[in-house]
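Summary of structural features
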Amino acid sequence: MPVEDSRPPSAASIRDAVRAGRLSATSVCRASLDAVEASEPRLHAYITVCAERALEAAARLDADPARRAALPLAGVPVAIKDNLCTAGLRTTAGSRMLASFVPPYDATAVRRLEDAGALLVVTLSTPASAARNLSVDVRSRLAAGLELRLAPPDEAARAQIA
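Conventions we followed
- Residues numbered from 1 in each chain as written.
- Predicted model: local features only at pLDDT ≥ 70, side-chain atom pairs only at ≥ 80, totals over all residues.
- Heavy atoms only, no water.
- Helix = DSSP H or I, 4+ residues; strand = E, 2+ residues; numbered from the N terminus.
- Contact = heavy atoms within 4.5 Å.
- Areas by Shrake-Rupley, 256 points an atom, 1.4 Å probe, with all protein chains shown as cover.
- Patch = residues over 30% accessible without salt bridge, like charges linked within 9 Å, V, L, I, M, F, W, Y side chains within 5 Å.
- Salt bridge = Lys/Arg side-chain N within 4 Å of Asp/Glu carboxyl O.
- Axes fitted to C-alpha atoms, helices over the stretch in contact; angles between N-to-C directions.
- Parallel < 35°, antiparallel > 145°, perpendicular 65-115°, else oblique.
- Nonpolar A, V, L, I, M, F, W, Y, C, P; charged D, E, K, R; others polar.
- Buried < 20%, exposed > 50% of the residue type's maximum accessible area, 1.4 Å probe, protein only.

Quick look at the overall build of the protein
The helix and strand tally for the protein stands at seven helices and three strands. Overall, the protein shows an N-to-C arrangement of helices and strands of α-α-β-α-α-β-α-β-α-α. Pairs at least 24 residues apart make up 68% of the contacts formed inside the protein by residues separated by at least 6 positions. For the protein, the accessible area works out to roughly 10600 Å², and carbon and sulfur atoms hold 58% of it.

A few points about a nonpolar patch on the surface
A grouping of Met97, Leu98 and Phe101 is seen on the molecular surface, where their side chains present a nonpolar patch of about 320 Å² in accessible area. Structurally, Leu98 is set in the loop between strand E2 (77–81) and helix H5 (108–115).

A few points about the packing of helix H2 (residues 25–43) against helix H3 (residues 51–63)
As a packed pair, H2 and H3 sit with axes 8 Å apart at the nearest point and diverge in direction by 160°. Compared by their axis directions, H2 and H3 come out roughly antiparallel. Residues Ala25, Thr26, Cys29, Arg30 and Leu33 of H2 form the contact with H3, whose participating residues are Ala51, Ala54, Leu55, Ala58, Ala59, Leu61 and Asp62. A breakdown of the residues in the contact of H2 with H3 according to their chemical character gives nine nonpolar, one polar and two charged.

What about unusual backbone geometry?
Trans peptide bonds make up most of the peptide bonds, and negative phi angles are found at most residues other than glycine. A positive phi is found at His44, a non-glycine position, where the angle reads about 50°. With a relative accessible area of 57%, His44 lands in the exposed category. Although it is not a glycine, Ala93 sits at a positive phi angle of roughly 55°. Along the chain, the position of Ala93 falls in the loop between E2 and H5. Look at Ala93 and you get buried, because its relative accessible area is 15%.

Topic: the pattern of salt bridges
Here the structure, examined in full by the defined rule, presents four salt bridges. As a salt-bridge pair, Arg15 and Asp16 come within 2.9 Å of each other at their nearest N and O atoms. Here Asp16 falls in the partly exposed class, since its relative accessible area comes to 32%. One salt bridge in this structure joins Arg53 and Glu114, with 2.7 Å as the shortest N-O distance. With Arg53 in helix H3 and Glu114 in helix H5, the pair connects residues that are 61 residues apart, well separated along the chain. Look at Arg53 and you get buried, because its relative accessible area is 16%. Taken together, the shared-partner salt bridges in this structure form one network comprising Arg53, Asp106 and Glu114.

Laid out in C-alpha cells, this is it:
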C-alpha cells in the first residue's frame, strides 16, 4: 500500500497550478491562512497575519490570467521575518519600542516578492532588532541535544581574517 506524502506542496508546484488555473490564488491563500490559524496556538511564531493584504493580492492574480502566467511566484504564499518593513502593517523588528510601528513603505525584498506574485501571509517572530546571541543559541542547541556543526572558513573568509 503506498504511503501518502504528507509534505506540503512545493512553491514550484503551487506556482504551476496557479498559473495553469488548476488552483486559484485565493484558495491557496485561504488554505495558508487556515494553516496559520491552526498552528499559531502551538507555535507562537507569527507577529502579524496579513489576511486582507494577501487575499487582495490573490484576487488580483485570479482576475488577470495573462499577468498570473508570467509571474515567477504566482500565488505562492510567503512569510517574512518581522524586521522587513511592510507598508500599512505593523513591523516590530522584535522590539518593544517598535510594537506599534507601521511603516509607510515596503522593504525592497517585500516589494520584489509581491511584484513576483508571492502572497505575503504572515510576518514571523524575530529576536529584538534581528540580533541573536550566539552563546545563547549554542547553549540552547546543546540543551536540546542538537549537534553543533561549525563550518570551516572558506578561502575568502580566511583571506579576510589574515
